[in-house]
Amino acid sequence: MKKPHVIINCAASIDGKIALVGKKPLKISSEEDMARVHKLRNECDAILVGIETVLADDPKLTVKEKYVGAGKVKQPLRIVLDSRFRTPENAEVMKPNAKTLIVTTCKEFKKGHVEVIKCGDDRVDLIKLMEILYDRGVRKLLVEGGSTVIWEFLKNGLVDEMFVFFAPIIIGGNAPGIAGGEGATKEEDVIKFEIKEMERVGGGFLLHLIPQYEQ
Ligand SMILES: NC(=O)c1ccc[n+]([C@@H]2O[C@H](COP(=O)([O-])OP(=O)(O)OC[C@H]3O[C@@H](n4cnc5c(N)ncnc54)[C@H](OP(=O)(O)O)[C@@H]3O)[C@@H](O)[C@H]2O)c1
């Protein structure tokens with residue numbers, strides 16, 4: 001199967017939550033971790049999020065020069081999974097700081113730095129999207145969430161590596177976790193990892209994980 005090398009990155013509390021209850025955004029990464037994330041973004045060809053992350057956080061999904069050094073910024077393509085094309089016109093990802101690809105199941109057009117494509121019938125077809133991205137030259141894809149998107153990538157066996165920064169906080173309640181979606185109902189559906197590295201990073205710790213998919 002033709003697909004980019006897929007890296008998941010997210011920041012979580014020690015109880016595995018990635019936002020506040022009600023999907024309200026919370027800055028979980030420390031400054032040191034932000035520097036790591038921006039360097040990682042700069043090494044990738046594209047950064048992907050789900051539409052709920054755009055609606056909840058309104059992220060820029062760009063690389064900041066202060067983290068990677070003057071003249072070294074290579075803004076990756078920003079990709080939003082947005083079946084019904086709900087991305088607001090005034091969202092940060094619509095601003096011309098970088099190119100944006102919005103992947104829908106209902107619309108196709110190109111306007112300036114924003115391209116909207118159709119891929120799939122109900123929800124975005126991730127397998128087909130991986131091929132489209134590969135054909136467009138995307139070799140390294142960074143998936144930054146949220147919860148539903150992370151689960152779908154893991155469940156479909158598309159992930160090559162995953163970084164989770166854990167901050168020493170607890171959020172509790174029904175706040176979104178690292179992986180949402182349907183989740184595993186059977187033991188054989190649990191996603192297993194090898195721990196490649198663990199290190200202390202700016203007040204928290206970073207896990208570098210490699211999914212162990214059945215062959
Ligand atoms: N701490 C962190 O590192 C971090 C990072 C990012 C986000 N977050 C948090 O995550 C939360 C949002 O997560 P979320 O789970 O609600 O939403 P999400 O994963 O950001 O977006 C999910 C949406 O993407 C769309 N989508 C289209 N095709 C899809 C596919 N094949 N697979 C999965 N999704 C697809 C669906 O909406 P349509 O059906 O309308 O297309 C789906 O509901 C926010 O609270 C945000 O703050 C935290």
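Predicted model only: the values in this text are computed from it and were never measured.

Here we take up the overall build of the protein. Secondary structure summary: the protein contains five helices and 10 strands in total. Scaling as 2.2 N^0.38, a compact globule of 215 residues should have a C-alpha radius of gyration of about 17 Å, and the protein matches this with 17 Å. The buried share among the 215 residues of the protein stands at 35%. Taking the contacts inside the protein whose residues are at least 6 apart along the sequence as the reference set, 67% of them involve residues at least 24 apart.

What follows concerns unusual backbone geometry. For residues other than glycine, phi is negative in most cases, and the peptide bonds are mostly trans. The omega torsion of the bond from glycine 145 to glycine 146 falls at -5 degrees, within 30 degrees of zero and hence cis. Considering the arrangement of structural elements, one finds glycine 146 in the loop between strand 7 (140–143) and helix 5 (147–155). Its identity is not glycine, yet phenylalanine 85 carries a phi of approximately 55 degrees, on the positive side. Mapped onto the secondary structure, phenylalanine 85 falls in the loop between strand 3 (77–81) and strand 4 (100–104). In this structure phenylalanine 85 comes out as partly exposed when scored by C-beta crowding, with 16 C-beta atoms within 10 Å.

This part covers the pairing of strand 3. In terms of residue burial, strand 3 counts as a mostly covered element, since five of its five residues are buried. Along strand 3, one buried face is formed by Leu77, Ile79 and Leu81 and the opposite face, lined by Arg78 and Val80, is buried too. In this sheet, strand 3 lies alongside strand 2 (residues 46–50) in parallel orientation, the contact comprising five bridges. In the sheet register, valine 49 faces strand 3, and the bridge partner there is valine 80.

Our next topic: helix 1 (residues 31–43). Compared with an ideal rise of 1.5 Å per residue, which puts 13 residues at 18 Å, helix 1 spans 19 Å between its outermost C-alpha atoms and is within 8% of the ideal. Every buried residue of helix 1 is listed here: Asp33, Val37, Arg41 and Asn42.

Among the secondary structure elements, lysine 27 is positioned in the loop between strand 1 (5–13) and helix 1. Among the residues examined, lysine 27 registers 9 C-beta atoms within 10 Å and is labelled exposed. Separated by 140 residues in sequence, lysine 27 and alanine 167 place their C-alpha atoms 10.0 Å apart.

This part is about the nonpolar core. In this structure, Ala46, Val80, Val103, Leu141, Val143, Ile150 and Phe153 are the most contacted members of the largest nonpolar core, which totals 49 residues. If we skip the residues at most four places from it in the chain, leucine 141 touches Pro4, Val6, Cys44, Asp45, Ala46, Leu48 and Leu133.

Let us look at helix 5. An α-helical turn contains 3.6 residues, so any two residues separated by three or four positions project in the same direction. Burial in helix 5 covers these residues: Ser147, Val149, Ile150, Glu152, Phe153 and Leu154. Of the surrounding elements, those touching the buried residues of helix 5 are strand 1, strand 2, strand 3, helix 4 (126–135), strand 7 and strand 10 (204–211). In the segment just after helix 5, glycine 157 is the residue with positive phi, at about 65 degrees.

What follows covers the sheet that holds strand 5 (residues 109–111). Backbone hydrogen bonds hold the strands of a sheet together, and the pairing may be parallel or antiparallel. Read from one edge of the open sheet, 10 strands run 5-6-4-3-2-7-1-8-10-9, paired in mixed fashion. Each edge of the sheet is formed by a strand with only one pairing partner; in this case those strands are strand 5 and strand 9 (193–201). Across the sheet, the axes of successive neighbouring strands diverge by a mean angle of 20 degrees, strand direction being ignored. Across three bridges, strand 5 lies against strand 6 (residues 114–118) in antiparallel orientation. Counterpart to phenylalanine 109 in the pairing with strand 6 is valine 116.

Right, let's talk about the site of the ligand for a bit. In the vicinity of the ligand there are 31 residues, among which Gly50, Glu52, Ser83, Gly145 and Gly146 approach most closely. Where the shell around the ligand is concerned, the elements lending two or more residues are strand 1, strand 2, helix 2 (51–57) and helix 5. It is helix 2 that contributes the most residues to the shell around the ligand, five residues altogether. Grouping the amino acids of the shell around the ligand by side-chain chemistry returns 14 nonpolar, eight polar and nine charged.

Tracing the chain through its elements places isoleucine 14 in the loop between strand 1 and helix 1. Put simply, isoleucine 14 and leucine 26 are 12 residues apart on the chain and 14 Å apart in space, counted from C-alpha to C-alpha. Not counting chain neighbours up to four residues away, the residues in contact with isoleucine 14 comprise Phe166, Pro168, Ile169 and Ile170.

Reading the values: rules and limits
- Residues numbered from 1 in each chain as written.
- Predicted model: local features only at pLDDT ≥ 70, side-chain atom pairs only at ≥ 80, totals over all residues.
- Helix = DSSP H or I, 4+ residues; strand = E, 2+ residues; numbered from the N terminus.
- Rg over C-alpha atoms; globule rule 2.2 N^0.38 Å.
- Buried ≥ 20, exposed ≤ 12 C-beta atoms within 10 Å, placed from the backbone.
- Contact = placed C-beta atoms within 7 Å.
- Pairing = 2+ DSSP bridges.
- Expected span 1.5 Å × (residues − 1).
- Core = buried A, V, L, I, M, F, W, Y, C linked by C-beta atoms within 7 Å.
- Axes fitted to C-alpha atoms, helices over the stretch in contact; angles between N-to-C directions.
- Near = placed C-beta within 6 Å.
- Nonpolar A, V, L, I, M, F, W, Y, C, P; charged D, E, K, R; others polar.

None of the figures reported here should be taken as evidence of function without further support.
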